[in-house]
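Each chain is listed here by its residues.
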Amino acid sequence: MDGTDLLRAELRRAAQSLGAPDDVDPVIERPRDPSFGDWATSLAMVLAKRLGTKPRDLAQAIIERLDFARAGISAADIAGPGFINFRVAADVFAEGLRALIAAGDQYGRSNAGNACPVNIEFVSANPTGPLHVGHGRQAAIGDAISSLLGVTGWRVTREFYYNDAGAQIMNLALSVQARVRQLGGVDAAMPESGYHGEYIRDLAQWYIDEHSSDPNADDLDAVRQFAVRELRREQDLDLQAFGVKFDVYFLESSLYSDGRVDDAIKRLIAAGHTYEKDGALWLRTTDFGDDKDRVMRRSAEKGGEPTYFLPDVAYHITKWERGFARAINVQGADHHSTVTRVRVGLQALDMGIPQGYPEYVLHQMVTVMRAGEEVKISKRAGSYVTVRDLIDEVGRDAVRYFFLMRKGDSQLVFDVDVARSQSDENPVYYIQMAHARVSGIFRVGEIDATAITGTDVDLSVLSLPEEQILIKALLDYPALVAGAAEALEPHRVATYLHDTAGKIHLWYHKAHVLNEPEPILRARLVLARASQLVLRNGLDLLGITAPERM
RNA sequence: GUGCCAGUAGCUCAGUUGGAUAGAGCAACAGCCUUCUAAGCUGUGGGUCGGGGGUUCGAUUCCCUCCUGGCACGCCA
């Protein structure tokens, strides 16, 4: 509800009376320059050619057929090549502000999702090391998307998938084993593609401390379980420090232990899209648009094990069968190649899963700069910046905002030195400061903000340009949230908040509240309360705190 | 070679799904604290929207092509 529904309906009616087709859908937007009006439409320019008239003439004809009262406007005029600019009737803003405050922390919510269950998988780091900056970006984006879908009416499950089976885990176990033996004075070699991070040495030491009966780490299975458990614990601490909570932790190993991987093979074979070649079992993914067929199960001489893509398919079958009509995977762009394969694998089952299932939100890589040089992120080489490092250095709120302020599909340069040295000038403080300032009005004035309603207050005295601009921005919030949720783009919220915070600072600077004459005081308190609520709700979506004072 | 993403101010990035004079932050320069927080505000300078074609009333946005950077293309995960 952004208040344009009535206007849109009126425009449609007027256009149709002039011969426009039934499906005409007028685009209504904010004019670039606020002095043009409150809303604008390009309708006349879009329709002019089809109706065989000049844009400005058509605009005039449309205006003449508009019922201003029903559309909730007080004026309409033609500008430029054929725009129609509208002024909203004064009481529309006043009613909007009252509705905003009445909604409180519910302001911005909608019901687009209709309580439909949606699974959002993110982070899903292998338990082979601490979470690095790339995981941080993913955690911030995934959590924010979850929140966005939550407030737009979806029933959200946040899920973390542990790849705790397979070759990488074996690598991890062998790496720890080698370090244990080295600590014991044995000249043990690290595995070919082992993990060289410092934390492996720590793990080895802990293993020795806790397993006195196995000083040489001969029990590889015990080493593996120990390492996975400890690293999961570390990752949990990282996520906790970042304020991210998951509803479900799904273990890849469970897919094997409860037979779902085998089951997936049987179902794919039964569906008839498989064949054997060179001793391996293949899936004819080219039938579904892939550029080449994929191996599902290796040949005997290669071990006869399923390839990674099979548990991926089995895993996504569980999402579908657990009732998630919608599944969203937030992953780094380096996982791009899995998108087609997972979807194609699900299609090959012929079990009615939609073609675009699951949806993917791929974010581009994070480049870390330190001391003017790029830090290569490599778990195996052991050089990278962890999420915990960043949080310790610049704070949780700033890290969250930094990861969310850019579009996911552009690369992100995280300069650790800049983030640290300029933490006081990080944009997030600008937003939080706006919240602290309007909160300060209530604190200093000893006024209960929650008692503000706006009823019985004459809001027409909010006539400063800064006030009109701010009111419009606040009333845009629900549409902004709906758009960001639909596009799965939380950075829009970050951009909006920064923009709106600027309008609040401007207003705060220009217009005093306390000690003003009663009518102005009362009206401005309403605007302060509305500003506070929008900032608070928006920051909450991004997982960022809204301090009352700074 | 193929596919995906990106290229916008000195730097980092937005740009409401094709609209009006392309915007922020940082950096630079000049100002504003007896008044609810100066972590703020005001002003100045800064652009071939990577290049070239096309589509149309209108293109940073859509299509084609080329250039540059990133990622991915395995019986690795």
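This text follows the structure it describes.
Residues numbered from 1 in each chain as written. Chains lettered and ligands numbered in written order. Predicted model: local features only at pLDDT ≥ 70, side-chain atom pairs only at ≥ 80, totals over all residues. Heavy atoms only, no water.

S.K.: Would you take a moment to explain the sheet that holds strand β15 (residues 412-415) for this structure?
M.R.: Strand pairs in the sheet, formed through backbone hydrogen bonds, run parallel or antiparallel to each other. The strand order β14-β13-β15 describes an open sheet built from three strands, whose pairing is mixed. One side of each edge strand has no neighbouring strand; the edge strands of this open sheet are β14 (373-375) and β15. Each neighbouring strand pair of the sheet contributes to a mean axis angle of 40°, computed without reference to strand direction. Taken together, the four bridges between strand β13 (residues 366-370) and β15 define a ladder with parallel strand orientation. Among the inter-strand pairings, M369 is bridged to a residue of β15, identified as D415. (Pairing = 2+ DSSP bridges. Helix = DSSP H or I, 4+ residues; strand = E, 2+ residues; numbered from the N terminus. Axes fitted to C-alpha atoms, helices over the stretch in contact; angles between N-to-C directions.)

S.K.: Can you help me understand the protein's contact with RNA strand B in this one?
M.R.: Surrounding RNA strand B, one finds 60 residues, the nearest of these being R298, R406, D409, R437 and M550. Taking the atoms of RNA strand B that fall within 4 Å of the protein, sugar and phosphate contribute 63% of them. Between a phosphate oxygen of RNA strand B and a side-chain N or O atom of K292, the distance comes to 3.2 Å. In this structure, R298 approaches RNA strand B through a side-chain N or O atom, which is 2.4 Å from a phosphate oxygen. Residue assignment for the surface near RNA strand B shows that the elements contributing at least two residues are α2 (43-51), β4 (83-88), β9 (280-283), α13 (336-347), α17 (427-444) and α19 (491-510). Ranked by residues supplied to the surface near RNA strand B, first place goes to α17 with nine residues. Partitioning the surface near RNA strand B into residue classes produces 26 nonpolar, 17 polar and 17 charged. (Near = heavy atom within 4 Å. Polar contact = N/O pair within 3.5 Å; in protein donor to acceptor, adjacent residues only side chain to side chain. Nonpolar A, V, L, I, M, F, W, Y, C, P; charged D, E, K, R; others polar.)

S.K.: So what exactly am I meant to see when it comes to the environment of G153 here?
M.R.: Mapped onto the elements, G153 comes out in the loop between α6 (133-151) and β6 (155-162). For G153, a relative accessible area of 15% translates into the label buried. For the pair G153 and V186, spaced 33 residues apart in the sequence, the C-alpha separation amounts to 59 Å. Setting aside anything within four residues of it in sequence, one finds G153 in contact with S110, N111, G113, N114, A115 and C116. (Buried < 20%, exposed > 50% of the residue type's maximum accessible area, 1.4 Å probe, protein only. Contact = heavy atoms within 4.5 Å.)

S.K.: Sorry if this is basic, but what is going on with the pattern of salt bridges here?
M.R.: Two side chains of opposite charge can pair, provided their charged atoms sit close to one another. Scanning all chains against the criterion turns up 33 salt bridges. Residues D143 and R400 are paired through a salt bridge, measuring 2.8 Å at the closest nitrogen-oxygen approach. Note that D143 is positioned in helix α6 and R400 in helix α15 (residues 396-404), a separation of 257 residues in sequence. Between D238 and R388 there is a salt bridge, with its nearest N and O atoms 2.2 Å apart. Of the two residues, D238 sits in helix α9 (residues 220-242) while R388 sits in helix α14 (residues 387-394), which places them 150 residues apart along the sequence. On the basis of relative accessibility, which here comes to 2%, the residue D238 falls in the buried class. (Salt bridge = Lys/Arg side-chain N within 4 Å of Asp/Glu carboxyl O.)

S.K.: Any chance you could explain the packing of helix α11 (residues 260-271) against helix α12 (residues 309-321) here in plain terms?
M.R.: Helix packing geometry: the angle between the two helix axes and the distance between the axes. Interhelical geometry of α11 versus α12 gives an angle of 90° and a closest axis separation of 9 Å. Our classification of the angle between α11 and α12 gives roughly perpendicular. Listed contacts from α12 to R260, V261, A264, I265, R267 and L268 of α11 are L310, P311, A314, I317, T318 and E321. Here the contact of α11 with α12 is composed, by residue class, of eight nonpolar, one polar and three charged. (Parallel < 35°, antiparallel > 145°, perpendicular 65-115°, else oblique.)

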